[in-house]
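Residue-level structure breakdown
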Amino acid sequence: MTGDVSDKPRRVLLKLSGEAFGGGAVGIDTSVVRRIAEEIVPAVQQGVQVAIVVGGGNFFRGAELQQAGIDRSRGDYMGMLGTVMNCLALQDFLEQEGQATRVQTAITMGQVAEPYIPLKAIRHLEKGRVVIFGAGAGMPYFSTDTVSIQRSLEIHCDEVVMGKNGVDGVYTADPRKDPNAKRFATLSYNRALVDNLAVMDASALSMARDNKKRIRVFGLEGAGNVTRALLGEEIGTLVSTAESTVVE
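The name that an unreviewed UniProt entry assigns to the protein chain is Uridylate kinase, with the source organism given as Bifidobacterium pullorum subsp. gallinarum.

Structure follows, in structure tokens:
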């Protein structure tokens, strides 16, 4: 015997929204991306295997472009290209920190990234590299939330951790509007779906529920939170098969 299952390194998929990269504006806020990169590296140095899915909402959103008169499919492809710009920015800051990083995209663009190949991604992770997945699913009508669950299943991640802006977890109501809103410590998939709580879109959440993929939702703003979430600390809200409980 070469060791039991407990010896297996922790493998996590970190989902980052495009809005986080933009600091609430259009484009890239380099100070935010640099801070996120600086918080990813310590977790990797402690043996955590980190894959990342990045959104593109700081550049384009297909649904919003559709409202402006652009074909939905074309708008979604524009959004996918926006995610790749975010991936390259994060890769650059990670490598400035000395962290080997690979970008894999669902739309082939050989001069800037590798194509998405699950076994190759796993190999990179095993070698201590961070892998960033760009261009969403490579197909319109699929959100990067859905992609984060799909990729985590395909490369066998233990958990998906979702960094949110403006909140430190999932609440019973919008905490910015309802002073009585309470944060869930644990939240069941079904409660999240039935109550339409802002965890991720319904198709992504359904995929997570059907495959029992744990999701931890945490606040990006707190210093060190990315490192803590990647290491498995119990911050934010854990969405799983467990019963829902709130923090009193």
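1. Considerations on the pairing of strand E3 (residues 101-105)
Summarising burial for E3: four of the five residues are buried, a large majority. By the bridge criterion, five bridges tie E3 to strand E5 (residues 130-134) in an arrangement that is parallel. Across the sheet, the residue bridging to Thr101 is Val130, located in E5. Where E3 and strand E4 (residues 114-115) come together, two bridges link them in parallel fashion. Bridge pairing links Gln104 to Glu114 in E4.

2. Here we look at a nonpolar patch on the surface
Taken together, Ile28, Phe60 and Met85 make up a surface patch of nonpolar side chains, about 220 Å² in accessible area. Tracing the sequence through the fold places Phe60 in the loop between strand E2 (49-54) and helix H3 (62-67).

3. A few points about the UniProt feature "binding site: ATP" (unreviewed entry) in the protein chain
As annotated by UniProt and renumbered to match this structure, "binding site: ATP" (unreviewed entry) occupies Lys15, Leu16, Ser17, Gly18, Gly57, Arg61, Asn165, Tyr171 and Asp174. With the annotated positions falling across 160 residues, the maximum pairwise C-alpha distance of 25.2 Å shows that they are not confined to a single cluster. Checked against the element boundaries, Leu16 lands in strand E1 (residues 11-16). Residue classification places Leu16 among the buried residues on the basis of a relative accessible area of 0%. Ignoring any residue separated from it by four or fewer positions in sequence, one finds Leu16 in contact with Phe21, Ile36, Ile52, Val53, Val54, Gly55, Leu90 and Leu220. With respect to the helices and strands, Asn165 occurs in the loop between strand E6 (159-164) and strand E7 (184-188). Judged by relative accessible area, Asn165 falls into the partly exposed class, the value being 33%.

4. Thoughts on the packing of helix H6 (residues 144-154) against helix H8 (residues 202-210)
Close contact between H6 and H8 brings their axes to 7 Å; oriented N to C, the two are set at 20 degrees. One way to sum up the angle between H6 and H8 is to call them roughly parallel. Handedness of the crossing formed by H6 with H8: left-handed. Contacts from Asp145, Thr146, Ile149, Gln150 and Leu153 of H6 reach H8 at Ser203, Ala204, Met207 and Ala208.

5. Here's the deal with the packing of aromatic side chains
Enumeration according to the criterion identifies one aromatic pair in this entry. Between Tyr116 and Phe133, the ring centres sit 5.3 Å apart and the planes meet at 85 degrees, which makes this aromatic pair edge-to-face. You can see Tyr116 sitting in the loop between E4 and helix H5 (118-126) and its partner Phe133 sitting in strand E5, a full 17 residues away along the chain. The residues Tyr116 and Phe133 share a single accessibility class, namely buried. One Lys or Arg, Arg151, reaches over the ring of Phe133 and ends 5.8 Å from the middle of that ring.

6. Let's talk about the pairing of strand E8 (residues 215-219)
Remark: a regular strand shows side chains that alternate across the two faces of the sheet. The buried count for E8 comes to five of five residues, which makes it a mostly enclosed element. Burial along E8 is two-sided: the face carrying Ile215, Val217 and Gly219 and the face carrying Arg216 and Phe218 are both buried. With five bridges connecting them, E6 and E8 associate as parallel partners. Paired with Val160 across the two strands is Ile215, which belongs to E8. Inspection of the sheet shows E8 paired to strand E9 (residues 237-240) by three bridges, in the antiparallel sense.

7. Observations concerning the sheet that holds E8
In space, the ten strands of this open sheet follow the order E4-E3-E5-E2-E1-E6-E8-E9-E7-E10, with mixed pairing throughout. Strands at the two margins of the open sheet, each flanked by one partner only, are E4 and strand E10 (245-246). Bridge count between E1 and E6: five bridges; the pairing is parallel. Opposite Val12, over in E6, you have Glu159 as the bridge partner. Contacts between helix H2 (residues 30-45) and the sheet are confined to E1, E2 and E5, with E2 contributing the most and set at about 155 degrees to the helix.

Thresholds, definitions, all that
- Positions within a chain are numbered from 1, following the residues in the order the chain's sequence is written.
- Local features in this predicted model are restricted to residues whose pLDDT is 70 or higher, and side-chain atom pairs enter the listing and the counts only when it is 80 or higher, whereas totals over whole chains, interfaces and linings include all residues.
- Side-chain measures here rest on the full set of heavy atoms in the structure, leaving out hydrogens and waters.
- Note on classification: 1.4 Å probe, protein chains only; a residue is buried when its accessible area is under 20% of the maximum for its type, exposed when over 50%, partly exposed between these limits.
- Runs of E in the DSSP output that reach at least two residues are strands. Runs of H or I that reach at least four are helices, and both are numbered from the N terminus.
- By definition, two strands form a pair when at least two bridges between them are found by DSSP.
- Residues qualify for a patch when their relative accessible area is over 30% and they have no salt bridge, like charges being joined within 9 Å and the nonpolar side chains of Val, Leu, Ile, Met, Phe, Trp and Tyr within 5 Å.
- Here, Shrake-Rupley sampling with a 1.4 Å probe gives the accessible areas, and only protein chains in the shown set may cover a residue.
- Salt bridges are identified by distance alone: a Lys or Arg side-chain nitrogen within 4 Å of an Asp or Glu carboxyl oxygen.
- UniProt positions are given in the numbering used here, feature names are shortened, and annotations may be inferred rather than shown by experiment.
- Note on definitions: a residue-residue contact is assigned when non-hydrogen atoms from the two residues lie within 4.5 Å.
- In this analysis, axes come from line fits to C-alpha atoms, helices being fitted only over the stretch in contact, and the angle between any two N-to-C directions falls in the range 0 to 180 degrees.
- To sort the angles, those under 35 degrees are grouped as roughly parallel, those over 145 as roughly antiparallel, those from 65 to 115 as roughly perpendicular, and the leftovers as oblique.
- Should the near helix be turned anticlockwise from the far one by less than a right angle, the crossing is termed left-handed; should it be turned clockwise, right-handed.
- Ring geometry is summarised as follows: Phe, Tyr and Trp rings, the Trp one being its six-membered ring, pair when their centres sit within 6.5 Å, and such pairs are stacked at plane angles under 30 degrees, edge-to-face over 60 and tilted between the two.
- Put simply, a charge is over a ring when the Lys NZ or the Arg CZ is close to the ring centre, within 6 Å, and near the line of the ring normal, within 35 degrees.

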